[in-house]
Amino acid sequence: MSVAVDRRPDPASAPRLPGRARRLVRAHRARRRARLSELTRPDRVVRGVLLVAAIIPTFALAFLAYQMLKYAYPAIVFNGWHVFTTKFSLGNQYSTAVQVRHGYKAPKGAVYGILPLLFGTLISSLIALFFAVPISVAGAILLVERLPVRVQGFLGIFLELLAGIPSVIFGLWGIYTFGPFLSRTVYRWIADLHIPWLRGPTGAGEGLLTASLVLAVMIIPIIASITRELVRSVPPLAKEGAVALGLTPSETVRFVVIPYIKTGVIAASILGWARALGETIAVLIISGDLLGAYPHSIFDPFSTIATTIASELDSALTDSTGMAVHALAEFGLVLLVVTLLTNLGGRLLTRRFSAAGLPVGRGV
Amino acid sequence: MSEMPAPTMTEPTVDPSVLAATPVDAQGTPRPVDAVFTVEQLAFFYGANQALRDVSLSIGRHEITALIGPSGCGKTTFIRCLNRLNDLIPGTRVEGRIDFNGSSLYAPGVRAIDIRRRIGMVFQKPNPFPKSIYDNVAIAPKVNGIRANMDELVEECLTRAALWDEVKGKLRDSAFSLSGGQQQRLCIARAIAIRPEVILMDEPCSALDPVATIRIEELMVELKSDYTIVVVTHNMQQAARVSDRTAFFTVDVSEGGRTGMMVEVGSTEQMFTAPSDQRTDDYITGRFG
Amino acid sequence: MLIAAPAIAVIVGVFHQALPALGWQLFTKRTNSTGIQNAILGSLLFLLGVLIVAGTIGVGAGIYLAEFASGRTERALRFFSEVLAGMPSIVIGYIGYVTLVVEFHWSYSLLAAVMALSVLVLPYIVKTTEVALRNVPSALGEAAAGLGLPRSATVRQVLLPPALPGIVSGLVVALAISTGELAPLLFTAGFSDNDPTLHLFHHQVPYLTNVVFTDISIPGARAHATAAAAGVVTLGILLVLIAIGRILASRARRNTARMSL
């Protein structure tokens, strides 16, 4: 005699639904009882204490989001759609002249347009991706497919090291070593070609291209280490099949490895992109930080949302109307939403491939 | 039935008239006089999948009961119901009834932890804790608040598990320094350190070589005088060698899913010489499984 | 090679720039002179603070998620912790400033800085702790349950010891991350030419990454060398921490391999 008769939902058996519901409730209670009976009284105390700890990250997130909204609110009301104007200026904070909009005051001449900053954020991170993705993917494939395991492990240390180097060090290196070097050599050569966007004074090596290249170096470990795990997870059988068909190693990579890892590489790139979007200090040091300016060439100074918050919070504090601080909060909110969405997207995609492949460091 | 005298328990004198009045299993085999477990119409579910159905049997005190059958027949699922270890797996559900010493194992208010202290378990692969040999045996009594004479207790348990002579000089060594067979005997010592009434063994020899297997089998027979033993095995010779009673399980695929079920239970001798069910006969003679 | 090159280039470049300023005076003199002693002490103090705050909370949360949680709660808490991991560090710094420093009247202080850093590394510690515990073979948990050990005793005596190298490795890497951070500290820690104190509130704390950042923009080769020297010391601390983390991580892997027989 079978005990469980009516397990699957069956629309035809509507009259028996109460019985089924009762069974479900009973099963639920049994599960709950079983779960609780597993725990002794001291267990429950320990569980309670740990639960408090486990809630704190969620609480911190809620607190950050709430405070961000609270501080951004006056600016959101004041700016309205004007936040998408093309200029950014804190206005004359030393004069007492104010402008009033929707009941909120701001210094005369203040324009809190996010577009130049958004442009700087997007263009620098996209240039960084443009360089970082091919290098990371090619590097990871070569690493796994061509090199002996011992060498892989050795080079892996450098990848981990690169992930561990803090952004202020990257800034230091970019401004003193990498930027001047590029400026003396590659930049001059590029600028001499007189291509629009790629010409103009190359300066001491500050500016958009150097900042983007340093960003690229910073996100290479993220993309490369995930890609490395992906390449390692390509089933050997698929590769052997390709070899059996007479494909050369490079054809095997092209027709077997790359299709297999494609989605994963996209996910890894999104994670790297999220990191580049939110990066502050390195870009702040190297960008030349021309507030609210649109770069006219890849050698021009520029600013991003993150660098503006970092560099302008000081001056914003002198604003007696307080609107400058709120405007920075509004920008921060935009940055937060953009990075959290990209990060989450990348994470949801990577979860399908590997749990262990996530690299060490921030943005992980 | 075992003729071994039980030193710690007073064996009830078996009166033939009582024996005649003992309830019988579905197949007509007499049930054990003194049952530790009485299982009635047990069914088990992982979520919506039924893994086990129609298990009804009794497990006699100071007997070795062997559970045999092809893989996937629910033997392991069943043995894990006996100490409520399946409670650990979310989404599982038990239907039917298991009585342990006459009271329901799954009744509200019965704590799984208390049950498991009275029913020890030995697993398929030796799984000593990453601690010293001594600590492996001592950990459960310590946590349960027994502190006095720990050294004696450890020696007694290791002796009982036929391991003392091999490890007495290196009690502080890691349990992983032992061979697989020694590790499994350590796990038995660990299980008897909480002085359980029952020891459940889930294919205790499947990861061991033949020599180590024989040691464990001898040990089981020795331990029978103090403990009730339920052993899952896929090795029919093992069941025949050590057990008093044998239950045969099989897989039922008729309803679409794969559901384990018990076919019959009886004395080992009867099961191996004159099984009443054709499926048992097929399995034992090697025509199936 | 392309992968190894940037790391070497960065380290060599920074080291080269720092050469004129390297010497023992870094550790014995303060930032008002030719050293960075106060900044080193401040950075180490932050590490201690992060270990206490984020370490306890993160490990506790990781244990909860791995061993005590079930179903929907577990999924929600883990999800939000992961979301927090994607929070841009400058946003954490901004909120640290407007709430802790201004709204709560803590001023630039040790506690405000440690809080900001802790929020930053917390999700990382939660994750590594949870993974370390999940890597412990489930057979050990079952064996403990089979002996009737209570859950908390099982976790403390059976599951935590083998998971410990992994957990500590995660902690150490989290400390390495916080050593190099600047954005969350820029508006929470302040700076001072004196050695840091143990006052939680109202006392500014000097730290290494700030020296790097401010000395870059001070004109003159001397300041630039000091910036790079502070960078070298930061890298030094970081490398030691990463090395410890790696050693522990490989021990954790060996542990797992041994236990799964």
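Because the structure is a prediction, the values reported are computed rather than measured.

Overview of the interface of chain C and chain A
Part 1: Listed per partner, the contact involves 74 residues of chain C and 74 residues of chain A.
Part 2: Together chain C and chain A conceal approximately 6,600 Å² of surface at their shared face, both sides included; 78% is due to carbon and sulfur atoms.
Part 3: The salt bridge involving E160 of chain A is made with R246 of chain C; its shortest N-O contact spans 2.7 Å.
Part 4: The tally of links from chain C across to chain A stands at nine residue pairs in polar contact (both at pLDDT 80 or more).
Part 5: When residues of the side of chain C that touches chain A are traced back to their parent elements, those giving at least two are α1 (4-18), α3 (37-68), α4 (71-85), α5 (89-103), α6 (110-134), α8 (151-180), α9 (208-217) and α10 (221-259) of chain C.
Part 6: When grouped by side-chain class, the residues that make up the side of chain C that touches chain A number 54 nonpolar, 14 polar and six charged.

A short note on the pairing of strand β9 (residues 245-252) of chain B
Residue and element names in this part refer to chain B.
Part 1: Burial analysis of β9 places eight of its eight residues in the buried class, the great majority of the element.
Part 2: Both faces of β9 are covered, namely the face carrying R245, A247, F249 and V251 and the face carrying T246, F248, T250 and D252.
Part 3: Bridge analysis of strand β3 (residues 64-68) against β9 gives four bridges, and the strand direction is parallel. Among the inter-strand pairings, A66 is bridged to a residue of β9, identified as T246.

Considering the state of the cysteines
Here is the idea: a disulfide is a covalent bond, and it sits between the sulfur atoms of two cysteines.
All names here are of chain B.
Part 1: Under the definition given, this model contains zero disulfides over all chains.
Part 2: Take C81: it sits in no disulfide, and the sulfur closest to it among the cysteines is that of C73, at 13 Å.
Part 3: For C81, a relative accessible area of 0% puts it in the buried group.
Part 4: With no disulfide of its own, C205 lies closest to C187 among cysteine sulfurs, the gap being 12 Å.
Part 5: Judged by relative accessible area, which is 10%, C205 ranks as buried.

Some remarks on the nonpolar core
Part 1: Core analysis: the biggest nonpolar cluster contains 238 residues, and Y112 and F170 of chain A, F37, F78 and L82 of chain B together with F46 and Y94 of chain C have the highest contact counts within it.
Part 2: Looking at which element gives the most residues to this core, the answer is helix α6 (residues 208-232) of chain A, with 17 residues.
Part 3: The next biggest cluster of nonpolar side chains, apart from the first, holds 46 residues, and it includes I64, L158, C205 and I284 of chain B.

A few points about unusual backbone geometry
Part 1: Unlike most non-glycine residues, N101 of chain B shows phi in positive territory, near 50 degrees.
Part 2: With respect to the element layout, N101 of chain B can be found in the loop between β4 (92-100) and β5 (103-104).
Part 3: Positive phi outside glycine occurs at S107 of chain C, with the angle close to 60 degrees.
Part 4: Assessed through its relative accessible area of 28%, S107 of chain C is described here as partly exposed.

Considering the confidence of the model for chain A
Low pLDDT means the predicted coordinates in that region are not meant to be read closely.
All names here are of chain A.
Part 1: The share of residues in chain A with pLDDT of 70 or more is 82%, and the mean pLDDT across the chain is 79.
Part 2: In this model, residues 1-16 is a region of pLDDT below 50 whose contacts with residues beyond four sequence positions or in other chains number 22 contacts.
Part 3: Segment residues 354-364: pLDDT under 50, and 33 contacts once partners within four positions in sequence are set aside and those in other chains are kept.

Here we look at the packing of aromatic side chains
Part 1: Here the structure, examined in full by the defined rule, presents 16 aromatic pairs over all chains.
Part 2: On the basis of an interplanar angle of 10 degrees and a centroid distance of 4.5 Å, the ring pair of W173 of chain A and F178 of chain A is categorised as stacked.
Part 3: The class for W173 of chain A is buried, based on a relative accessible area of 6%.
Part 4: Residue F178 of chain A is classed as buried on the basis of its relative accessible area of 17%.
Part 5: Here the aromatic rings of W106 of chain C and F201 of chain C are separated by 5.4 Å at their centres, their planes lie at 65 degrees, and the arrangement is edge-to-face. Taken as a pair, W106 of chain C in the loop between α5 and α6 and F201 of chain C in the loop between α8 and α9 lie far apart in primary sequence, 95 residues in all.
Part 6: By relative accessible area, W106 of chain C is classed as buried at 16%.
Part 7: Looking at F201 of chain C, the relative accessible area reads 34%, which means it is partly exposed.
Part 8: Taken together through their ring pairs, the aromatic side chains of Y97, Y108 and F187 of chain C make up a single cluster.
Part 9: If you follow R172 of chain B out to its NZ or CZ, it ends over the ring of Y134 of chain B, 4.4 Å from the centre.

Calculation notes
- Residues numbered from 1 in each chain as written.
- Chains lettered and ligands numbered in written order.
- Predicted model: local features only at pLDDT ≥ 70, side-chain atom pairs only at ≥ 80, totals over all residues.
- Heavy atoms only, no water.
- Contact = heavy atoms within 4.5 Å.
- Buried area = accessible area lost by both parts, 1.4 Å probe.
- Salt bridge = Lys/Arg side-chain N within 4 Å of Asp/Glu carboxyl O.
- Polar contact = N/O pair within 3.5 Å; in protein donor to acceptor, adjacent residues only side chain to side chain.
- Helix = DSSP H or I, 4+ residues; strand = E, 2+ residues; numbered from the N terminus.
- Nonpolar A, V, L, I, M, F, W, Y, C, P; charged D, E, K, R; others polar.
- Buried < 20%, exposed > 50% of the residue type's maximum accessible area, 1.4 Å probe, protein only.
- Pairing = 2+ DSSP bridges.
- Disulfide = S-S within 2.5 Å.
- Core = buried A, V, L, I, M, F, W, Y, C linked by side-chain atoms within 4.5 Å.
- pLDDT = per-residue confidence, 0-100.
- Phe/Tyr/Trp six-rings, centres within 6.5 Å; stacked < 30°, edge-to-face > 60°.
- Lys NZ or Arg CZ within 6 Å of the ring centre and 35° of its normal.

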